[in-house]
Amino acid sequence: MNSNFSITLLLFCFALSKPSVAEEPVDFARDIQPILAENCYFCHGPDAKQRASDLRLDIEEDAKQSIIAGDANSSELYSRIRSDDPDEQMPPPDSHRSLTPDQISLIQKWIDQGGKWGQHWAYKPIVKPVIEARNAIDFFVQQQLHQQGLEFSPIADRRTLLRRVSLDLTGLPPTVEQINTFLADTSPDAYQQMVERMLQSPAYGERMAWDWLDSARYADTNGYQGDNERTMWPWRDWVIGAFNDNLPFDQFSKWQIAGDLLTNPTEEQILATGFNRNHPINGEGGRIPEENRIDYVMDMTETTGTVWLSLTFNCCRCHDHKYDQLTQDDYYSLFAFFNQTPVTGAGGNAQTAPVLSVPDQPQRLQLAKLKNELSKFESEQKRLIGALNQKQNDWELAQTKQLQETDTWSVWHPESYSAQKADLAYSNDGSLLTSGANPANDNYELTGKSDLATIQAIRLETLKHASMTAGGLARSNSSNFVLTDFAAYLIEPGKPPTRLPFKKAQADYEQTGHGAQLAIDANAQSGWAVLAPDKNVQREREAIFSFEKPVTLSPNAKIKFVLKHESIYEKHNIGRLRISLTEQKNPTLAGDTKQLLAALQQPNDSRSPAQLKLIQQKHFESDTDYQTQATKIDSINSQIKTLAKGYPKVMVMADSPKLRKTYRLNRGSYEDPLNEVSMRVPEMLAALPENITPNRLALANWLFSVDNPLTPRVSINRIWAKFFNTGLVKTLEDFGVQGEPPSHPKLLDWLAAEYRDCGWDTKHMIRLILNSRTYRQSSHTSSHLLELDPDNRLLARASRFRIPSWMIRDYALASSGRLVRKIGGRPVNSYQPKGVWEEASFGKKTYRQDSGDALYRRSIYTFWRRIAAPTMIFDNADRMTCSVISYRTNTPLHALNTLNNTTYVEAARLLASSVLKEKLTDQETLDKIYQRIVTRLPREKEIPILLAGLAHDRQQFAANNDNVISFLGVGDSPVEPNLDPVELASWTNLCIAVLNLDESLTRQ
Amino acid sequence: MNPHEQQKLHSTRREFFGRTANGIGSAALASLLNRSTLAGERRPDPRTGGLPGIPHFAPKAKRVIALIQNGGPSHADLFDWKPKLAQMHGQPVPEEFVAGKRFSTMTGKPDGKLMLAPIEPFHQRGNSGAWVSDMLPYTASIADELTFLKGMHTDAVNHAPAISFLLSGAQIPGRPTLGSWMNYGLGSEVDDLPNFIVMTSVSKNTTCGQIFYDFYWGSGFLPSKHQGVKFRGSGDPVLYLSNPDGITREMRRGWLDNIARLNQMQLEEFGDPEIATRIAQYEMAFQMQASVPELTDLSDEPRAILDMYGPGVEEPGSFAHNCLMARRLAERGVSFTQLMHAGWDQHRSLTTEFYTQCRDTDQASAALVMDLKQRGMLDDTLVVWSGEFGRTPFIQGDINNRKQWGRDHHPYAYTTWMAGGGLKPGLSYGETDELAMNVASDGVHIHDLQATLLHLLGINHEELTYRFQGRQFRLTDVHGRVVQEILA
């Protein structure tokens, strides 16, 4: 303590003796602009409405009017900020803003030094500094440390490094095998190899994906009232896979913003666009759809602005930006890119089109199985076809002969005919044509004799005619008809007509729900109709009605047919018809037969393609083996179709074919449009290239063009923050003038340029960072460093921070050995106290805890209900809007969670079980547990504390068997039967404690 | 030294170092290390965790109990007595009252809607003569204690945005709510309980579909430790409060001591003040495990008090129970208690469920005020009773079908009441027009209400800010007027 203190003092004095501020050139962008932005821009900044005077301090030409370069004392700006006269003083007293004396003296120095203007650092082109050091990161960090008289901390010990890298890259602790491998590896590049192994682990993608899901406001429900369940998780799995495949970040981004607009996009590229459909959907009753739609488009706009540009666009919904040179027009011009969505904003459908169906793993397996069977059946069919083709000629001859002999229909010529409303006209071919009135419903009566001795069946042909709608079958809107009743009567002189009942009706085509049978049923409104799915009714159709008993006509007898059209569909009356009779029992439909006969009679080389097809089809169908095979194929195809109906539907992006106009909205209100705007990027940044169609793809390409310095800086800064807990720019979400300047500007630019120039290779950048000396330092803090740099911005030590809650859970499960290493799939419901969903939704949503392996999946697969987030997760982004920053707070509630949550208690038991099975001494058991949780062995001074705790619990548990039983009963997994329960309970409680050590919860 | 004090010591030390660092180094270092103060991250007060300089002036109230009535209670049926509305029953709404106004899509254009008289009689109450409907006999009986804001108005016409607006000053979810702002600014005086507590309830068998979203007590961009902690109506009041089955409090105590010792070694090795915070955090968790059950155990409440809050007071999850809990929390120093009772959305249930709503909330609301008063706590406790909006004075539904009478959402005027610290009791402030449709005078906008609440807590609403996305955010956005007229 004493020596520490004197070193502190010494360094303190040393620091004081360093050159003062005055001698260093003041940098406008770094030192002055933040002061002006904070204190002056509200009234003297970009927002035209708020501007109190003509003076703008955000524009060089304007601002220079208020300063005299090299002479602060004569400059108005300086005298105003120094004044204490309330009328003169700036900022004015009622603004609640004021400058510190340090800030005032900085401005004085800046003016005295010439008042040189400079562009805001973030918008400057990236210039990659040329250096000769082996590792650029260490070069720049060390350079700055040396300026402060500091050195790097020593390199952390190997166990710490292993655990650090493992947590940072996989979110999991190293396994005992990984520890042993690494410790045993004495090669000079052992560390680099270890980093490489971690980068190749599939857990890497899961770890990286979490932050991306936070920024994408990913959830498994809509949010709001109803909170309907969605199926966006195939997109989540795509993100994990993309990280694991190291998809270059520019591709990764472009696909998500505009994959649908790429030329011939793959399914994967379309799936990626689910990114911007992850926003909440408000299905609350009474909401105006357009209001919702505008909300959604704003969300897409702002999310894109935050994720790739770190610009705070949301300020500009209602007005020009107060600090950055972003106007409300800029906002709505960016909004215009996303405003082309076909989404209307109506309703709370959690699969609102456009959607992409993506099978899950079991479905994929099922599909593969079906396709496999299909191809087997199809090849068998092919073989059969080959054989059939051999016999084609023989079949044709036989078939022709048979058909010629079996055409037994004779056309019936009525003697009298009438319609209730329309006119009927007879033609010599036996057909009757309607004309004249075209009523909603009409009935026909036809009467006549027949020469046939016995009549077995009637054939009704409906025929095309030019006077019908579209030259089809009727004068209805669709040219379809509905024959609601067809009846036959025997008329003998002196007797009342006798109804002749039909046995069955069949037709060569029946519209779904409109079979021919319905024309002879008791229902007066149902009937036979022929509208095909392609809406085509220009094909002639026929129906056959078979009598229950053969009908014999005496010479004076007549037969009467009544056709009724009494459906609710207006004018659906048959337009032209013909009736034929047959003596043949069970006649078949003739339509095809006729056509087939005609085709067969045609010489082979003059047959039309349709005729060739028909002959072949009839030939094949006549073969039973072929029929069986065809039925199997049909069945498989229909199974595939049914399967596809159950695929998860991922909401994806698309643009409406017609350009939607975009307007600036007064105060962001959907109902108050102002001037029209077009798709363009903010004016303060480089414009989109000329000669291209502005759309989302153009925007995505622009983000990654060399003219845009923001995206490389913003994205590498976020990568950096994963490994140092803070970005080089601390404000990960804001690179505007109100954001914080980078702690290491040159390093930021070097990394940004490297990221861009290496082809956006994320793993390459991570290798650079993790292999640096800077990263490998120890995280021990001296009181001096704590004093000088409490937030570790200078990086004279490694960062030390609590791991996020999702990682704590994964960590505990992994330590226990029970973590299920399955990647992707439908979200799961793990342990959660009863009633949380129910209470949040008034019982409308019931929580159904999963069982078995589903309880032990990584947290990223946990079902995220937006109105009631999983209770095991704390301190996380709320997944309502885009979030790129994470908070780490410490409240007692977190401690209660990790001490008492079933997940942790059970994990502790499973960990204890697996170690106790080895039957070791207490000391050895403790060693194993420590290795698995904190990657190291317990220290000498720690052991007595732990063993005393253990002894105490042994005593307690031994005295109370009920407690042992209840404690071991926590969690679904069975209790290891071959262990002493008291031992297991005592060690379990010890494991809970070790899992809750600061060191366990911390990445250091 | 107990871990708590130790943590305070560390924070103080850190404070000191944080300040001294400002004075040294080159411009670049100054610029870098000063940034945290420039960037608005003021270091919190070590004792309470509140911000230095806050309260800005002497507070009138130390704590708030908000009785949020979700769904939009009908002001014209409860507080805003308009003889003309009764006279005009069944007549079409005069156009000038609704011209240019936007209603929910359920109403659409208000043209031709028929006026609906209050469903029960009103009377003037107490010495103040405030009008309160017979629907609320208990509230009526304490009218002289209450301050009625009869010219409340809001910007939002649907539930979730309107409740967000009331509680966070913005219609879009994701901004810090009132309780979290208060927690952030003033910090906490309690060690063993959360300082911002939420309890929800709903009348039994209601058809109401409004959900309690957790962003109603979210901390938005403020650190999440400032978010409200929801006490649940079933199971542990606080999630994961109970030890695992079979672990006694004594066993837990033993291990927490061991963890603290091991963490202390870690602190000595790494020197990271976060470790001291962790030690304190685990100790507080242990305290909370004792204080919460003690809090929720009503066996020390005399029968007379239980009866005062009315039926249901002993059923966790009821509004009456929550009101009694709110008093107990106030006694223990909790700063912000937010009760939310759903079911006030009478689109078709004004002659049915509306009665249940009143019955389930009236007695306990009044009891809470009087119970605080008899304990001398009303002087520095602020009770606020408010919906997110009012309901249309015209009918929703068929005037000939009394069973299904209803009213739609109405943002243009409604009534809120407050009681306690720093207010003029028995005052009715503000007026609507003769049909209770629009504010006629002394309107109070949501942001004004928020500014006034903060003012009573000793906070200048323009100066309680947080830097996020490059902007200083505050509860009242760029609006808000302290309603001086209602202050004592």
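Residues numbered from 1 in each chain as written. Chains lettered and ligands numbered in written order. Predicted model: local features only at pLDDT ≥ 70, side-chain atom pairs only at ≥ 80, totals over all residues.

1. So, the overall build of chain B
Let me state the cut-off plainly: In this description a helix means any DSSP run of H or I spanning at least four residues, a strand means any run of E spanning at least two, and both kinds are numbered starting from the N terminus. In this scheme every C-beta is placed from the backbone, and a residue whose C-beta has 20 or more other C-beta atoms within 10 Å is buried, one with 12 or fewer is exposed, and one in between is partly exposed. In this description, any two residues whose backbone-derived C-beta atoms lie within 7 Å of each other are considered to be in contact.
In terms of helices and strands, chain B carries 14 helices and 17 strands. Taken across its 488 residues, chain B has 60% of its residues classed as buried. Across chain B, every contact between residues at least 6 apart in sequence was considered, and the portion connecting residues at least 24 apart equals 75%.

2. Structural notes on the overall build of chain A
The line we're drawing: The globule rule is 2.2 Å times the number of residues to the power 0.38, and the radius of gyration it is compared with is taken over C-alpha atoms.
For chain A, the helix and strand inventory stands at 36 helices and 20 strands. Here chain A has a C-alpha radius of gyration of 41 Å; the compact-globule value for 1004 residues is 30 Å, and the former is much larger. When the 1004 residues of chain A are sorted by exposure, 46% land in the buried category. Of the contacts made within chain A by residues no fewer than 6 positions apart, 72% connect residues no fewer than 24 positions apart.

3. Some remarks on the nonpolar core
Formally: Put simply, a nonpolar core is buried Ala, Val, Leu, Ile, Met, Phe, Trp, Tyr and Cys residues tied into one set by C-beta atoms within 7 Å.
Core analysis: the largest hydrophobic core is formed by 316 residues, its most contacted members being Cys991 of chain A together with Cys323 and Val383 of chain B. No other element matches the 11 residues that helix H10 (residues 273–296) of chain B contributes to this core. Setting aside chain neighbours within four positions, we find Cys323 of chain B in contact with Tyr309, Leu339, Ala364, Ser365, Ala367 and Leu368 of chain B. With 42 residues, the next largest nonpolar core counts Leu473, Ala474, Val537 and Ile574 of chain A among its residues.

4. Let's talk about the domain arrangement of chain A
Bring the parts together and some accessible area is lost; that lost area is often taken as the interface size. To be explicit about the condition: Residue ranges for the domains originate in an automatic or database domain assignment.
By the assigned domains, chain A splits into domain 1 (2–116), domain 2 (359–408 + 588–647), domain 3 (410–586) and domain 4 (900–1003). The gap between the C-alpha centroids of domain 2 of chain A and domain 3 of chain A is 31 Å.

5. Points about the sheet that holds strand E14 (residues 558–565) of chain A
Residues and elements named next belong to chain A. Our working definition: For two strands to be treated as a pair, DSSP must find no fewer than two bridges joining them.
Spatially, five strands are ordered E3-E6-E14-E9-E10 in an open sheet, and the strand pairing comes out antiparallel. With partners counted over all chains shown, the strands left at the sheet margins are strand E3 (416–419) and strand E10 (498–499), one partner each. Summarising the sheet, E3 and strand E6 (residues 442–448) pair through four bridges and their orientation is antiparallel. Opposite Ala419, over in E6, you have Tyr444 as the bridge partner.

6. What to know about the interface of chain A and chain B
Note the threshold: Ten residues, namely Ala, Val, Leu, Ile, Met, Phe, Trp, Tyr, Cys and Pro, are considered nonpolar, four, namely Asp, Glu, Lys and Arg, are considered charged, and the remaining ones, Gly among them, are considered polar.
Facing the 92 residues of chain A at the interface are 81 residues of chain B. At seven residues, helix H30 (residues 892–900) of chain A tops the list of elements feeding residues into the side of chain A that touches chain B. Looking at the side of chain A that touches chain B residue by residue, the class counts come to 32 nonpolar, 35 polar and 25 charged.

7. Observations regarding unusual backbone geometry
Residue and element names in this part refer to chain A. Between Met90 and Pro91 the backbone carries a cis peptide bond, its omega angle lying at -10°. For Asn246, which is not glycine, the phi dihedral falls at a positive 55°. For Asn246, the location among the structural elements is in the loop between helix H12 (233–244) and helix H13 (249–258). The phi dihedral of Leu795 is positive, around 65°, even though this residue is not glycine. Within the secondary structure, Leu795 sits in the loop between helix H27 (783–788) and strand E19 (801–802).

8. Quick word on the pairing of strand E15 (residues 576–582) of chain A
All names here are of chain A. Of all seven residues that make up E15, five are buried, and the element is covered over most of its length. Bridging between strand E5 (residues 431–435) and E15 involves three bridges; their strand directions are antiparallel. In the sheet register, Leu433 faces E15, and the bridge partner there is Arg576. Both strand E7 (residues 454–462) and E15 contribute to a ladder of six bridges, which runs antiparallel. What sits directly across from Ile458, in E15, is Leu581.

9. Looking at the packing of helix H23 (residues 710–724) of chain A against helix H25 (residues 762–770) of chain A
Residues and elements named next belong to chain A. Note the following rule: Axes here refer to lines fitted to C-alpha atoms; in helices the fit is confined to the stretch in contact. Angles between the N-to-C directions go from 0 to 180 degrees. Comment on the angle field: the value is read as roughly parallel under 35 degrees, roughly antiparallel over 145, roughly perpendicular from 65 to 115, and oblique elsewhere. Note: crossing handedness is left-handed where the near helix turns anticlockwise from the far helix by less than a right angle, and right-handed where it turns clockwise.
At their nearest, the axes of H23 and H25 sit 11 Å apart, and the two run at 45° to each other. By the criterion of interaxial angle, the relationship of H23 to H25 is oblique. Considering only the axes of H23 and H25, their crossing is right-handed. Together, Ile716, Ile719, Trp720 and Phe723 of H23 and Thr762, Met765, Ile766, Ile769 and Leu770 of H25 make up the contact between the two elements. Its residues assigned to classes, the contact of H23 with H25 shows eight nonpolar, one polar and no charged.

10. Quick look at helix H9 (residues 176–184) of chain A
Since there are 3.6 residues in each turn of an α-helix, residues three or four apart along the chain are aligned in direction. Residues and elements named next belong to chain A. Stated precisely, the cut-off is as follows: Of all possible arcs, the one meant is that of the directions from the helix axis to the C-beta atoms.
Inspection of H9 places Gln178, Ile179 and Phe182 among the buried residues, and these make up the whole buried set. Within H9, the buried residues cover an arc of 100° as seen down the axis, which keeps them to one side. In H9, the exposed positions angled more than 90 degrees off the buried face are occupied by Glu177, Asn180 and Ala184. Packed against the buried residues of H9 are helix H8 (158–170), helix H10 (190–200) and helix H32 (922–934).

11. Quick look at the environment of Glu145 of chain B
Structurally, the position occupied by Glu145 of chain B is in the loop between helix H6 (137–141) and strand E4 (146–153). Not counting the four nearest positions on each side in its chain, Glu145 of chain B is found in contact with Val369, Lys373, Ala419 and Pro425 of chain B.

12. Considerations on the environment of Ala156 of chain B
Residue and element names in this part refer to chain B. If you trace the backbone, Ala156 turns up in the loop between E4 and helix H7 (159–168). Using a count of 19 C-beta atoms within 10 Å as the deciding quantity, one classes Ala156 as partly exposed. Each C-alpha atom, one on Ala156 and one on His410, is 8.9 Å from the other, the two residues being 254 residues apart in sequence. When residues no more than four places from it in sequence are discounted, the contact partners of Ala156 are Pro161, Ala162, Phe165, Gln171 and Pro411.

13. Things to note about the confidence of the model for chain A
Keep this limit in mind: For every residue, the predictor states its confidence as a pLDDT score lying anywhere from 0 to 100.
Of all residues in chain A, 97% have pLDDT values of 70 or greater, and the mean over the chain is 90. Contacts from residues 1–22 of chain A, a stretch scored under 50 in pLDDT, to residues over four places away or in other chains number 19 contacts.

14. Considerations on the confidence of the model for chain B
Low pLDDT means the predicted atomic positions in that stretch should not be read closely. Residue and element names in this part refer to chain B. Averaged over all residues, the pLDDT of chain B is 87; the fraction at 70 or higher stands at 90%. Scored below 50 in pLDDT, residues 1–41 makes 67 contacts in the model with residues more than four places away or belonging to other chains. On the interface metric, ipTM, the complex scores 0.76, and its pTM is 0.77.

15. A short note on H25 of chain A
Among the residues of H25 of chain A, those classed as buried are Thr762, Met765, Ile766, Ile769 and Leu770 of chain A. One face of H25 of chain A carries all of its buried residues, which in axial projection span an arc of 125°.

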